[in-house]
Amino acid sequence: DENFFRNGRLITVGFVGGYRGFTGTLNTIYTPNASFGLYLCYFFDLRFALQIGYFTGDYALNIVSPGETITGNISLSDISFNLKYYFNTQNVTRGLADLNPYAIFGLSEVFRTVTVSTDTSNIAKDSALAGNLGLGIEIPIMRNKMYLGAQGMFQYLSFPDSGNAILQSNGNSTGVKPTGNSYTLTAILGVNF
C-alpha cells in the first residue's frame with residue numbers, strides 16, 4: 001500500500017485521438033477516418049485499472065451494386081468499460097523500466113447512425129455490444145504528472161444486420177452484407193491525479 005501511494009496513480013483522465021479502420025466487408029463500404037475521445041481510469045493497485053471511455057468518429061459510406069450506388073455517412077460512438085493490466089518492468093534495463101506497457105480488454109456499447117445522401121430524412125440508428133482487446137504503452141512526462149501513450153485495439157462487432165444484405169431504394173438486394181470488425185490505432189495524452 002505504501003508503494004502504491006508513493007509511486008502509483010489513483011485517477012487518470014486521458015484524451016485520445018487516432019484512426020479507426022475496419023475489416024471484412026465493412027472495410028469496403030466504410031472509409032476509415034480519424035476518431036477521438038476521452039476516458040477516466042481508476043487504479044486499484046500498481047497493476048490493475050478500470051477504464052471508462054467514450055470514442056467517436058464519422059466515416060463515409062459507399063456501397064456499389066448493380067443499378068445503384070449508395071453513398072452517405074456512418075457515425076460510430078462507443079462507451080467502453082475496460083480493464084487494464086500493466087506489465088512489470090522492474091527487471092528490465094533502467095531506460096526501459098520507465099515505460100508502462102499494458103494489455104487492455106473489456107466491452108463496449110457501439111451506437112451507429114446511418115445517413116444516406118439520397119434521402120437525408122431516412123436516418124437509421126442501432127447499437128451493438130462489442131468485445132475489446134488491445135495493447136498499449138505509456139511514457140511518463142512532467143515528473144509522472146502526465147504521460148504520452150500509444151494504443152492499438154481490436155473491437156469485435158456484431159450489429160443486428162450483419163447477416164442481412166443491404167437493400168437498394170427500390171427494395172432489391174445489393175448483395176452486400178455489412179460484416180466485419182473494427183480496429184483503432186490511437187495516441188493518448190493523460191493527466192494523473
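Residues numbered from 1 in each chain as written. Predicted model: local features only at pLDDT ≥ 70, side-chain atom pairs only at ≥ 80, totals over all residues. Heavy atoms only, no water.

Caption draft 1: Geometry of the overall build of the protein. Helix and strand counts for the protein stand at 3 helices and 8 strands. Taken along its principal axes, the extent of the C-alpha atoms in the protein is 70 × 30 × 25 Å. Relative to its full complement of 193 residues, the protein shows a buried share of 38%. Nonlocal contacts in the protein, meaning residues at least 24 apart in sequence, comprise 63% of its contacts between residues at least 6 apart. Charge centroids of the protein, computed over 11 positive and 12 negative side chains, lie 10 Å from each other. (Helix = DSSP H or I, 4+ residues; strand = E, 2+ residues; numbered from the N terminus. Buried < 20%, exposed > 50% of the residue type's maximum accessible area, 1.4 Å probe, protein only. Contact = heavy atoms within 4.5 Å. Lys, Arg positive; Asp, Glu negative; His and termini not counted. Charge placed at Lys NZ, Arg CZ, Asp CG, Glu CD.)

Caption draft 2: Up close: unusual backbone geometry. Despite not being glycine, Met142 shows a phi value in the positive range, around 50°. Within the secondary structure, Met142 sits in the loop between strand 6 (119-141) and strand 7 (146-156).

Caption draft 3: Representation of the nonpolar core. In terms of nonpolar packing, the biggest core is built from 18 residues, with Ile29, Tyr30, Leu61, Ile63, Ile74 and Leu76 touching the most fellow members. Elements with a minimum of two residues in this core: helix 2 (26-29), strand 3 (48-65), strand 4 (68-86), strand 5 (100-116) and strand 6. In this view, Ile29 contacts Ala60, Leu61, Asn62, Ile63, Ile166, Val176 and Pro178; residues no more than four positions away in its chain are not counted. Among the nonpolar cores identified, the runner-up in size contains 12 residues, and Val16, Cys41, Phe43 and Tyr86 belong to it. (Core = buried A, V, L, I, M, F, W, Y, C linked by side-chain atoms within 4.5 Å.)

Caption draft 4: Broad picture of the confidence of the model for the protein. In the predicted model, the protein carries a mean pLDDT of 89, and 92% of its residues have values of at least 70. Low pLDDT, under 50, characterises residues 1-5; the predicted model gives this stretch 7 contacts beyond four residues in sequence or across chains. (pLDDT = per-residue confidence, 0-100.)

Caption draft 5: Molecular detail of a nonpolar patch on the surface. On the surface, a cluster of nonpolar side chains totalling about 960 Å² of accessible area is made up of Leu10, Ile11, Leu40, Tyr42, Phe44, Phe48, Leu83, Phe105, Leu133 and Phe193. Here Leu40 is to be found in strand 2 (residues 33-43). The exposure class of Leu40 is partly exposed, given its relative accessible area of 45%. (Patch = residues over 30% accessible without salt bridge, like charges linked within 9 Å, V, L, I, M, F, W, Y side chains within 5 Å. Areas by Shrake-Rupley, 256 points an atom, 1.4 Å probe, with all protein chains shown as cover. Salt bridge = Lys/Arg side-chain N within 4 Å of Asp/Glu carboxyl O.)

Caption draft 6: Spotlight on the pattern of salt bridges. Under the definition given, this model contains 4 salt bridges. A salt bridge links Lys84 to Glu138; the nearest nitrogen and oxygen atoms lie 3.4 Å apart. Residue Lys84 is found in strand 4, and its partner Glu138 is found in strand 6; the two are separated by 54 residues along the sequence. Between Asp161 and Arg112 there is a salt bridge, with its nearest N and O atoms 2.9 Å apart. Linking Asp161 in the loop between strand 7 and strand 8 (182-192) with Arg112 in strand 5, this pair joins segments that are 49 residues apart in sequence. Each member of the salt-bridge network shares a partner with another, and the members are Arg112, Asp126 and Asp161.

Caption draft 7: Region of interest: the packing of aromatic side chains. With the rule as written, the count across this model stands at 8 aromatic pairs. Centroid distance Phe22 to Tyr59: 5.3 Å. Interplanar angle 90°. Geometry classified as edge-to-face. Separated by 37 residues along the polypeptide, Phe22 in strand 1 (residues 11-22) and Tyr59 in strand 3 bring together distant segments of the chain. The same class applies to Phe22 as to Tyr59, namely buried. (Phe/Tyr/Trp six-rings, centres within 6.5 Å; stacked < 30°, edge-to-face > 60°.)

Caption draft 8: Main features of the environment of Phe22. A residue is classified by how much of its surface remains accessible, and Phe22, at 3% relative accessible area, is buried. As for Phe22 and Ile141, which are separated by 119 residues in sequence, their C-alpha atoms are 33 Å apart. If sequence neighbours within four positions are ignored, Phe22 has contacts with Asn27, Tyr30, Pro32, Tyr59, Leu76, Asn181, Ser182 and Tyr183.

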